[in-house]
Each structure stands twice: as C-alpha cells, then as structure tokens.
Amino acid sequence: EVAETTVRVSLKLIPTGDYTVISYEPRKVELTVEGFRKEILSLKEKKQVQFLLPKELKNGVNPVILRKDSFLLPNQSLRIRRVEPKTIKVNVELLSKKLVKVVPQVELPPNATVKTDPNYVVMLLPEEIKEVIDRVKTEKIDASGVKPPADFYLKLQSNYKVFPKEVKVEIRERRKEK
C-alpha cells in the first residue's frame, strides 16, 4: 500500500565537478516522500540520502537548490513530494588539473624492465598542494615469478581524483648488450 510521510535524513553530497566539498549546512533535511511502506521504512533506517551537486560551483560558499531530481534514493519507486529547506550552503574548493608521472610499484623478475601506459595521468588537486605532488603510484604487485613479456592493469593509489583510474603495466625482457 502507498503511503506519504516526512523523514529527517542526513545528506551525503556527491561532487560532479572539479572541486572538493569542505563543509555544508544544514547537514540534515526533511523529505516528504511517497511510496510503499516497506521502502519508506528502509529510507528511515538508512537515515541518509545521496545528493548530486551541480557540476559548476565557484570557490567558496555556494547556495545550492535541493532539486528533487538530484537526490539518489535507496529505492527508485520512492517519490519526493517536498524538501525542507529548499537550499543548502556548500563550501567548496576548486581543484586544478595537473599532469603527474606514474610510478609502478612492481617487483620484477631478474633481467626485466617495466613501463606504464600511459606514463603520465591527470590528477585533480587543491591549489595549495599542487606544487608538492608530481607523481602517483600504482598498487603494489609482486611479479618476480612472471615470465616476460607480461601485461597487467593496475589501479592508481591516490586520495585525489585521477584520470584514468588505472594504467597498463608492461613487463619486458631486458635486451642483452652486445
């Protein structure tokens, strides 16, 4: 049976642009939702909903309208009737794109070389540490028992957004000097 009720939930903001969320308020909103009782109960138990932030936000505090279609509800058949408050304040820091070197963390067999493809990737960094960070490491693997040639795809390890998220690692036999 379909019911309508008001639930108080905390917001989990999902950035969709080149920025990071520093803070936001209020942290909780009231949603009037319509749906099956079972789904409303699961929303009440979760106590949290995800909200997609707009792509374009400016550095500092932004008023963000809580549009009904930007909420990601745990169940798609739930419908939002009302949102209170209508807007929240979101403080963001814009991130800069920077090309950084990929450092493979690969244990190699004897007489082998390693290279990554691509060997540089784009990283989104806060302005104040942009000059400090110039590389990103792959996840660690032990390939010492692998017979070259061999290729792997390894994830990049970073607290910041990286494109692409993984790179191809190529292990080749070292050419003998004549």
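Read on for an overview of the structure.

What counts, and where the lines are drawn
Residues numbered from 1 in each chain as written. Predicted model: local features only at pLDDT ≥ 70, side-chain atom pairs only at ≥ 80, totals over all residues. Heavy atoms only, no water. Helix = DSSP H or I, 4+ residues; strand = E, 2+ residues; numbered from the N terminus. Buried < 20%, exposed > 50% of the residue type's maximum accessible area, 1.4 Å probe, protein only. Core = buried A, V, L, I, M, F, W, Y, C linked by side-chain atoms within 4.5 Å. Contact = heavy atoms within 4.5 Å. Polar contact = N/O pair within 3.5 Å; in protein donor to acceptor, adjacent residues only side chain to side chain. Pairing = 2+ DSSP bridges.

Cis geometry marks the peptide bond from Asp117 to Pro118; its omega dihedral reads 0 degrees. Its location among the elements puts Pro118 in the loop between strand S9 (112-117) and strand S10 (120-126). Cis geometry is adopted by the peptide bond preceding Pro164, which originates at Phe163 and carries an omega value of -10 degrees. With respect to the helices, strands and loops of the structure, Pro164 is situated in the loop between strand S13 (162-163) and strand S14 (166-173). Positive phi outside glycine occurs at Lys47, with the angle close to 60 degrees. Counting through the fold element by element, Lys47 comes out in the loop between helix H1 (37-46) and strand S4 (48-52). Assessed through its relative accessible area of 53%, Lys47 is described here as exposed. The phi torsion at Asn111 lies on the positive side, around 60 degrees, for a residue other than glycine.

Core analysis: the biggest nonpolar cluster contains 26 residues, and Leu11, Leu31 and Phe71 have the highest contact counts within it. The biggest single contributor to this core is strand S1 (residues 2-14), with 5 residues. With sequence-adjacent residues up to four places away left out, Phe71 is seen in contact with Leu11, Leu31, Val49, Gln50, Phe51, Leu66, Ile80 and Val83. Val106, Val121, Val162 and Val167 belong to the second-largest nonpolar core, a separate cluster that totals 15 residues.

Structurally, the position occupied by Gln105 is in strand S8 (residues 87-107). Within polar-contact distance, the side chain of Gln105 engages the backbone oxygen of Thr138 at 2.7 Å. For Gln105, the residues in contact, after removing those within four places along its chain, are Lys137, Thr138, Glu139, Lys140, Ile141 and Gln157.

The next point concerns the sheet that holds S4. Taken together, 5 strands build an open sheet; the order of strands is S6-S4-S1-S3-S7 and the sheet is mixed. Every interior strand has two partners, whereas the edge strands, strand S6 (71-72) and strand S7 (79-84), have only one. Sheet topology note: the strand S3 (residues 28-36)/S7 ladder contains 5 bridges and is antiparallel. Across the sheet, the residue bridging to Leu31 is Val83, located in S7.

Read these as layout, nothing more, since geometry by itself doesn't imply function.
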